[in-house]
Amino acid sequence: MHGFDLLAVLSNPDFAGMLWSGALVTLVVAAGSWCLAMGLALVLLSLRLAPGRIGDRVVAAYVSYHRNVPTLVQLMLWYFGIASLLPDPVQTWLNDHGAEAVYGVVGLGLCQAAYFSEDLRSGLRAVATGQMEAARALGHGFVGALRHVLMPQAIRNALPALVNHSVSLFKNSSLAMAIGVSELTHAVKEVENLSFRTFETYLIATIAYLAVSLVIMGIGAALQWRGQVMGAR
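Along each chain, the written sequence defines residue order, and numbers are assigned to residues from 1. Given that this is a predicted model, residues contribute local features only at a pLDDT of at least 70 and side-chain atom pairs are listed and counted only at 80 or more, while totals for whole chains, interfaces and linings are drawn from all residues. Water and hydrogen atoms play no part in the side-chain values, which are based on all heavy atoms of the structure.

### Looking at the environment of methionine 132
Item 1. Helix and strand assignments come from DSSP, with helices taken as H or I runs of at least 4 residues and strands as E runs of at least 2, each series counted from the N terminus. Turning to its location among the elements, methionine 132 is positioned in helix α7 (residues 130-137).
Item 2. Residue methionine 132 is classed as buried on the basis of its relative accessible area of 17%.
Item 3. A C-alpha to C-alpha distance of 7.1 Å links methionine 132 and leucine 150, two positions 18 residues apart in sequence. Remark: exposure states derive from per-residue accessible area (1.4 Å probe, protein chains only) relative to the maximum for the residue type, with buried under 20%, exposed over 50%, and partly exposed in between.

Spelled out as structure tokens, the structure:
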């Protein structure tokens, strides 16, 4: 038995290096997944706004799948299932360039895109119906009105939900450990096995996840305040 000693972990260069490396991988996976999710969410929203009902049905099916299948299962499907269907040269290239992280980014990004697209859709629905007519009266086409008038308001309306789901995406990056991504949770588990200091190592992970989540929420609050100020002008 040994007492609580956080420095016993942080002062060890090997342990500290493993934790720092894992934290960086977590940030890279989360940031990559967020960019993929937001870009795809805009595409999904555009399909739903397109004339006809085919696009809307396709997106509805996409959203339903990703909201009802556990994220961990989706990651497993990408890493163990879809990866095996790729040509051997592609698999070899991915294995040489961090395949686990790539599949983690893809799996998390595709899953989160479903939530982001619904957030943006709800934000767009909250925009006054007269905004489109006003934008068209000022000379904007459909795309121009959507880009310059409706979407800025939709994003401002959807910002609280987008921030909440961004925090969820960051926390869910820990699931990538299941497919071998050496992110923070994976590093913590390795350090705990080597140091036998379970409480200290998991406390470090808890503080790290909490700190980054609070930063994301703080950025969201600042953006929301800025949007309210600009909207009041």
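Having seen the model, we can carry on.
### Focus: the side chain of threonine 201
Item 1. With respect to the helices and strands, threonine 201 occurs in helix α10 (residues 198-232).
Item 2. Of the residues examined, threonine 201 reaches a relative accessible area of 0% and is grouped as buried.
Item 3. Here the side chain of threonine 201 touches arginine 197 through a polar contact of 2.8 Å, landing on its backbone oxygen. Between N or O atoms, a polar contact is any pair within 3.5 Å; within protein, one atom must be a potential hydrogen donor and the other a potential acceptor, and residues adjacent in sequence are included only when both atoms are from side chains.

### Observations concerning the nonpolar core
Item 1. Membership of the largest hydrophobic core comes to 25 residues, with the highest contact counts inside it found for Tyr62, Phe116, Leu120, Leu124, Leu150, Met151 and Leu162.
Item 2. When contributions to this core are tallied by element, the ones reaching two or more residues are α2 (13-49), α3 (54-68), α6 (99-125), α7 and α8 (142-172).
Item 3. Ranked by the residues each element gives to this core, the list is headed by α8, at 8 residues.
Item 4. When checking whether two residues touch, look at their non-hydrogen atoms; a contact exists if any pair is within 4.5 Å. Look past the residues within four positions of leucine 150 in its chain and what remains in contact with it is Leu124, Val127, Gln131, Met132 and Ala145.
Item 5. Only buried Ala, Val, Leu, Ile, Met, Phe, Trp, Tyr and Cys residues count toward a nonpolar core, and they belong to the same one when joined by side-chain atoms within 4.5 Å. Grouped together as the second largest cluster of nonpolar side chains are 12 residues, Leu75, Ala99, Tyr103 and Ala176 included.

### Some points on α3
Every α-helix winds through 3.6 residues per turn, so residues three or four apart in the chain are directed the same way.
Item 1. Here the expected span of a helix is defined as 1.5 Å times the quantity of residues minus one. End to end, α3 covers 21 Å across 15 residues, agreeing with the expected 21 Å (1.5 Å per residue, within 8%).
Item 2. Residues of α3 that are buried sit in contact with α2, α4 (71-85) and α6.

### What to know about the side chain of serine 117
Item 1. Structurally, the position occupied by serine 117 is in helix α6.
Item 2. Leave out the neighbours within four places in its chain, and serine 117 touches Ala41, Leu44 and Val63.

Purely geometric stuff here, so don't read any function into it on its own.
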